[in-house]
Amino acid sequence: MNLDVNNWSLTLAMLLVMIALWIGYREKLGIDREIIIGVIRAVIQLFVVGYLLKYIFKVNNVFLTFAMLLIIIFNASWNAQKRSNGMTNALVISFVAILVSTGVTLGVLILSGAIKLIPSQVIPISGMIASNSMVAIGLSYRSMNTQFRDQRQSVLERLALGGSLRDASIGILRESIKTGMAPTIDSAKTVGIVSLPGMMSGLIFAGVDPVHAIKYQIMVTFMLLSATSLGSVIACYMAYRNFYNTRKQLKESASED
Amino acid sequence: MKAILELHDIGYQVAQNQILQNISLSVAAQDYITITGPSGSGKSTLLRIIASLLTATKGEILFKGQNIMEIDPIQYRRKVSYCFQQPTLFGRTVADNLDFPFQIRQVIPDVDKQKAALKVVGLPETYLNKRITELSGGEKQRVAMIRNIMYVPDVLLLDEVTVGLDEENKRIVNNLIEHFHTDHQVTILSITHDESEIKQASRLLTITKGRLEESK
Ligand SMILES: Nc1ncnc2c1ncn2[C@@H]1O[C@H](COP(=O)(O)OP(=O)(O)O)[C@@H](O)[C@H]1O
Ligand SMILES: [Mg+2]
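Numbering of residues starts from 1 in every chain and runs along the sequence as written. Each chain is given a letter, starting from A, and each ligand a number, starting from 1, according to the order in which they appear as written. Where local features are concerned, this predicted model is filtered to residues with pLDDT of at least 70; where side-chain atom pairs are given and counted, the filter is 80 or more; whole-chain, interface and lining totals use all residues. Side-chain numbers here rest on the full set of heavy atoms in the structure, without hydrogens or water.

- By the naming in an unreviewed UniProt entry, chain B goes by ABC transport system ATP-binding protein and is assigned to Pediococcus ethanolidurans.

- Where an unreviewed UniProt entry is consulted, chain A appears under the name ABC transport system permease protein, with the organism given as Pediococcus ethanolidurans.
- UniProt positions are given in the numbering used here, feature names are shortened, and annotations may be inferred rather than shown by experiment. Of the comments in the UniProt record for chain A, the one headed Subcellular location (unreviewed entry) reads "Membrane".
- In UniProt, chain A has this text filed under Sequence similarities (unreviewed entry): "Belongs to the UPF0014 family."

Have a look at this one:
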């Protein structure tokens with residue numbers, strides 16, 4: 001494969017950042033600091049990851065690969081948790097949800113022979129799965145918080161009638177799970193028509209026959225559906241009890257005790 | 001008669017705000033207690049505490065001699081049923097609301113029972129499929145009430161359920177309450193501002209600034 005952006009082209013491509021900075025300055029957006037920090041972080045993080053992956057691929061050690069997977073999953077959980085608005089145990093819940101959704105999805109892919117158990121396949125695929133699961137879970141948390149606030153009265157009515165916590169929350173649970181999965185379903189509908197997604201574009205870019213590339217994209221579509229649905233379901237079912245206290249009463253929010 | 005509910009020195013405080021204090025009350029089975037008092041005096045809060053939708057910050061409540069903290073709240077609320085001031089119906093249709101009491105007991109909704117209940121509050125049985133958005137205020141209130149009595153509770157806690165209803169609707173709702181009180185031996189605690197309801201009360205309590213006093 002003859003793919004290499006040389007450092008000189010990369011430096012010239014920095015001009016693109018200048019465009020963003022210039023717009024920010026012209027429009028008085030006050031985001032120049034943010035842009036510069038963002039760019040510096042992206043460059044450093046990617047270089048570190050690049051060398052790290054190179055090392056891990058070369059060593060090809062199972063434990064090292066799994067350690068890397070755990071780090072990916074932990075980072076994804078940390079980010080998902082931030083969108084929970086201070087919900088109790090959000091980190092643990094997110095970790096379990098992302099671990100299970102990534103584990104199951106990855107397991108199926110490996111067992112079916114779609115990908116091989118080698119770091120250069122397992123790690124990038126896990127990253128895609130975990131990050132999509134993370135976004136789905138974050139959306140589910142947001143939706144849950146909003147709904148428990150907006151539908152407070154009807155949750156109370158259901159409790160007063162003797163409904164269990166599940167009876168009182170089931171509508172909210174369903175809606176939150178759907179909200180988490182929605183972007184994946186939407187993009188499954190438009191894939192190839194509106195956008196050529198990353199996986200496929202990357203392969204085509206690298207010179208792979210588009211007909212082979214789309215097969216990978218089909219696999220990605222399937223795996224993201226599984227990852228986001230599992231992630232949302234697990235996170236929502238673990239999280240909704242946070243909105244109630246031990247006396248099965250509705251709390252003001254999911255963060256107090 | 002043996003007390004069905006006993007409140008011992010109930011207090012409720014949120015941050016520095018003392019909403020209820022020193023509330024003691026013994027309710028005999030099949031009592032009909034009317035509660036009144038100025039708005040914001042803590043009446044709804046008291047009923048919600050009795051319904052175990054809130055937990056008192058002080059004192060204890062006994063239900064049939066047992067501390068309610070030792071009873072599963074879900075089972076307890078099926079026996080001590082709270083009907084909200086300005087209830088909201090949920091779902092899409094009247095049936096969605098009347099199905100709920102069956103669903104939570106894992107029972108297939110008994111349509112005949114639902115129709116009979118609608119009839120008792122003066123609503124035609126075709127209302128089962130009516131959208132909740134098409135109901136008037138009085139109709140909503142009546143549907144909300146029959147949700148509470150689809151399975152007859154031991155105690156019915158009524159929070160200003162006749163407020164805003166016209167005389168006709170008030171009469172229907174009060175007849176329904178009376179029916180459950182006399183024919184099904186349901187104990188009633190009812191908050192009201194209605195002059196005639198207060199006048200007819202057999203036992204009247206007044207709450208003022210979070211304190212309870214017996215008026216008759
Ligand atoms: N969760 C709460 N936090 C703080 N104050 C509350 C809360 N719930 C009720 N209150 C206050 O408690 C008082 C009593 O309210 P409420 O029981 O609804 O009165 P009533 O039903 O007699 O009109 C009011 O001053 C109300 O503002
Ligand atoms: Mg009130």
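Alright, that's what it looks like, and here's the rest.
Considerations on helix 4 (residues 62–82) of chain A
Each full turn of the α-helix corresponds to 3.6 residues, which orients residues three or four apart in the same direction.
All names here are of chain A.
Then comes step 1: Each helix is a run of DSSP H or I of at least 4 residues and each strand a run of E of at least 2, with the numbering of both proceeding from the N terminus. Helix span, expected: 1.5 Å multiplied by one less than the number of residues in the helix. For helix 4, with 21 residues, the first-to-last C-alpha span of 31 Å sits near the 30 Å given by 1.5 Å per residue.
Then comes step 2: Think of it in three bands: residues with accessible area under 20% of the maximum for their type are buried, residues over 50% are exposed, and the middle band is partly exposed, with areas taken using a 1.4 Å probe on protein chains only. Residues of helix 4 that are buried include every one of T65, M68, L69, I72, I73, A76, S77, A80 and Q81, and no others.
Then comes step 3: Summarising the contacts, the buried residues of helix 4 are in contact with helix 3 (32–59), helix 5 (90–111) and helix 6 (119–150).
Then comes step 4: What qualifies as a polar contact is a pair of N or O atoms within 3.5 Å, subject to a donor-acceptor requirement within protein and to the restriction that residues adjacent in sequence count only when both atoms come from side chains. For helix 4, the capping residue at the N-terminal end is N61, with a side-chain oxygen 2.7 Å from the backbone nitrogen of F63. Contacts are assigned to residue pairs with any non-hydrogen atoms lying within 4.5 Å of each other.

With respect to a nonpolar patch on the surface
Then comes step 1: The patches reported here contain residues having more than 30% relative accessible area and no salt bridge. Joining distances are 9 Å for like charges and 5 Å for nonpolar side chains (Val, Leu, Ile, Met, Phe, Trp, Tyr). Residue burial considers only the protein chains on display, and all accessible areas are found by Shrake-Rupley using a 1.4 Å probe. A side-chain nitrogen of Lys or Arg and a carboxyl oxygen of Asp or Glu constitute a salt bridge if their distance falls within 4 Å. Residues A:L16, A:I19, A:W22, A:I23, A:Y25, A:L29 and A:I31 make up a contiguous nonpolar surface patch of about 760 Å² in total accessible area.
Then comes step 2: Within the secondary structure, A:I23 is located in helix 2 (residues 15–26).

As for the coordination of the magnesium ion (ligand 2)
Then comes step 1: Donor criterion used throughout: N, O or S atom within 2.8 Å of the metal, extended to 3.2 Å for Na, K and Ca. Water excluded; incomplete-looking sites may result. The coordination sphere of the magnesium ion (ligand 2), as far as protein atoms go, consists of B:S44 (OG) and B:Q85 (OE1), spread over 2.0 to 2.3 Å. Of this pair, B:S44 sits in helix 1 (residues 43–50) while B:Q85 sits in the loop between strand 6 (80–83) and helix 3 (94–103), and the two are 41 residues apart along the sequence.

Some words on the packing of aromatic side chains
Then comes step 1: Between rings of Phe, Tyr and Trp, where Trp is taken as its six-membered ring, a pair exists when centres lie within 6.5 Å; planes separated by under 30 degrees are stacked, by over 60 edge-to-face, and by other angles tilted. Within this structure, the stated rule accounts for eight aromatic pairs over all chains.
Then comes step 2: Ring geometry for A:Y237 against A:Y240: centres 6.2 Å apart, planes inclined by 90°, an arrangement best described as edge-to-face.
Then comes step 3: Judged by relative accessible area, A:Y240 falls into the buried class, the value being 2%.
Then comes step 4: When the ring of B:Y82 is compared with that of B:F84, the centres are 4.7 Å apart and the planes differ by 70°; the resulting orientation is edge-to-face.
Then comes step 5: One aromatic cluster in this structure is built from A:F148, A:F243 and A:Y244.
Then comes step 6: One residue, A:R158, lies across the ring of B:F90, its end atom 4.0 Å from the ring centre.
Then comes step 7: In this scheme, Lys NZ or Arg CZ marks a charge over a ring once it lies within 6 Å of the ring centre and within 35 degrees of the ring normal. Over the aromatic face of B:Y127 sits the side chain of B:K130, whose NZ or CZ is 5.0 Å from the ring centroid.

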